[in-house]
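Architecture at a glance
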Amino acid sequence: SAGVATLTLNRPERYNAFDEVMMQELPRAWAQLRDDDEARVVVLTAAGDAAFCTGIDRDAVPTTEEEYTFDPFTYRDPGEALGPKSHQMWKPVIGAVNGMACGGAFYLLGELEFLIASETATFFDPHVTYGMAAVMEPTLLAPRMPFGELMRMMLLGAHERLSAARALEVGLVSEVVPGVELADRARWAA
């Protein structure tokens, strides 16, 4: 459709997890779309059926002291550089979520106007499972769903997944459709 741009996370072999390349490309993409007079609305989606995004690619995180020195007082979460609103993207962005959406995916989803999910979409936050704190992600999701549901998802980690149907019930997503209809429905909404 005229005026509708699509931005696709395209690392399906890594569950669309973000790495250094994606963290550089997304800000450029948001700026380009923001400044493109032809694009009036954006649909954010992901390649493949397994995952929308599973957060940071754990294989891309430096693990040796030579590569990385962790300091909790100066640590900048790489996910902060992903979302459209973080890059002054004032145009509406609609999320089309298929498969898993977890962890750092909420940096993106928390900044979108609304979400449409496939019936097979699942939502969870594995931070606590790996001994990490979920801080910014729940803050971004707080306006979308009741506090108790949000805390349940954050505190149960990878041990419980919110189904697309339950995500609709609690307000995280606006609509649930069969997977084969997801792209068309998102474009229709746009």
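This section reports on the structure supplied with the text. Fair warning: this is a prediction, and the values are worked out from it, not measured in the lab. (Residues numbered from 1 in each chain as written. Predicted model: local features only at pLDDT ≥ 70, side-chain atom pairs only at ≥ 80, totals over all residues. Heavy atoms only, no water.)

**Side note on empty space enclosed by the protein**
To keep it simple, the criterion reads: Grid points spaced at 1 Å over the protein atoms alone were grouped into cavities, where a 1.4 Å probe fits but cannot get out, and pockets, open sets with protein on both sides within 12 Å along at least five of seven lines, with lining residues defined by an atom within 4 Å of a point. Grid points are joined across faces, edges and corners, and a volume is the space filled by probe spheres set on the points. Elements are defined by DSSP. Helices are runs of H or I of four residues or more, strands are runs of E of two residues or more, and each kind is numbered from the N terminus. Classification used: nonpolar for Ala, Val, Leu, Ile, Met, Phe, Trp, Tyr, Cys and Pro, charged for Asp, Glu, Lys and Arg, polar for all others including Gly.
The full count for this structure, using the stated rule, is 1 cavity of 30 Å³ or more. Roughly 40 Å³ of volume is contained in the largest cavity. Lining the largest cavity, in full, are Phe123, Glu149, Arg152, Met153, Glu160, Arg161 and Leu162. Ranked by residue count, the leading element in the lining of the largest cavity is helix H4 (residues 147–156), at 3 residues. Residue composition of the lining of the largest cavity, grouped by class: 3 nonpolar, no polar and 4 charged.

**Side note on the pattern of salt bridges**
Under the convention used in this document: The salt bridge definition used is simple: a Lys or Arg side-chain nitrogen within 4 Å of an Asp or Glu carboxyl oxygen. For every residue, the accessible area obtained with a 1.4 Å probe (protein chains only) is divided by the maximum for its type, and the residue is called buried under 20%, exposed over 50%, and partly exposed between those limits.
Taken as a whole and judged by the stated rule, the model has 9 salt bridges. Here Arg11 makes a salt bridge to Asp19, at a shortest N to O gap of 3.6 Å. Note that Glu169 and Arg166 form a salt bridge whose closest N and O atoms lie 2.7 Å from each other. Placement of the pair is Glu169 and Arg166 together in helix H5 (residues 164–170), with a separation of 3 residues, close to one helical turn. According to the relative accessible area criterion, Arg166 is partly exposed, its value standing at 31%. Salt bridges linked by common partners bring Arg11, Arg14, Asp19 and Asp57 together as one network.

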